[in-house]
Every structure is written in C-alpha cells, then in structure tokens.
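Observations on the three-dimensional arrangement
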Amino acid sequence: MQVISVSNLSLKKDFLDTPKILYKNDKNWICPLDSEVENVFNPEKTLFLRMENVHVGF
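Our subject in this report is the structure included herewith.

Definitions and limits used
Residues numbered from 1 in each chain as written. Predicted model: local features only at pLDDT ≥ 70, side-chain atom pairs only at ≥ 80, totals over all residues. Heavy atoms only, no water. Helix = DSSP H or I, 4+ residues; strand = E, 2+ residues; numbered from the N terminus. Buried < 20%, exposed > 50% of the residue type's maximum accessible area, 1.4 Å probe, protein only. Contact = heavy atoms within 4.5 Å. Areas by Shrake-Rupley, 256 points an atom, 1.4 Å probe, with all protein chains shown as cover. Salt bridge = Lys/Arg side-chain N within 4 Å of Asp/Glu carboxyl O.

Here's the deal with the overall build of the chain
Looking only at helices and strands, one finds three helices and zero strands in the chain. For the chain, the α and β elements follow one another from N to C terminus as α-α-α. Within the chain, buried positions represent 12% of all 58 residues. Partitioning the intrachain contacts of the chain with sequence separation of at least 6 by distance along the chain shows that 23% fall at a separation of at least 24. Looking at the chain as shown, the accessible area adds up to about 5200 Å², and 57% of this sits on carbon and sulfur atoms.

Here's what the structure looks like:
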C-alpha cells in the first residue's frame, strides 16, 4: 500500500469516490455525504486535528 497526500482536486475526488467503488455492490452500505467526510479532515470541525497540529492536504 502506498500512502499519498491528497494535494489537488483530482486526488480529492478519487479519495472521496474510493468507498463508492469498493461498496457499490453492497446493498446495505449507505454512502456518507462528501461534506461529512471532508469535515473529518477539517481542523475547524475536528478537535483531534486542532490538538495534534496535523497537516491535512485538502
């Protein structure tokens, strides 16, 4: 596995679409809103990111 930084809009789209591809045949999976996923990586919305001074690519 290779970890890469999401540093542009194309990579951001790929990142957000990955679960949709992985779970497309799972009738029980409910896709979260992209904005909910983005908020996980938003230091203003996630206490852990504020406390740890973590760099987020997008």
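Structural notes on the pattern of salt bridges
Scanning the model with the defined rule gives four salt bridges in all. The closest approach of N and O atoms between Lys20 and Asp34, which form a salt bridge, is 3.2 Å. Remark: Asp34 occurs in helix 2 (residues 34-40) and Lys20 occurs in helix 1 (residues 9-22); sequence separation between them is 14 residues. Given the relative accessible area of 28%, Lys20 is considered partly exposed. Look at Asp34 and you get partly exposed, because its relative accessible area is 31%. Through salt bridges with shared partners, a single network forms among Lys13, Asp17, Lys20 and Asp34.

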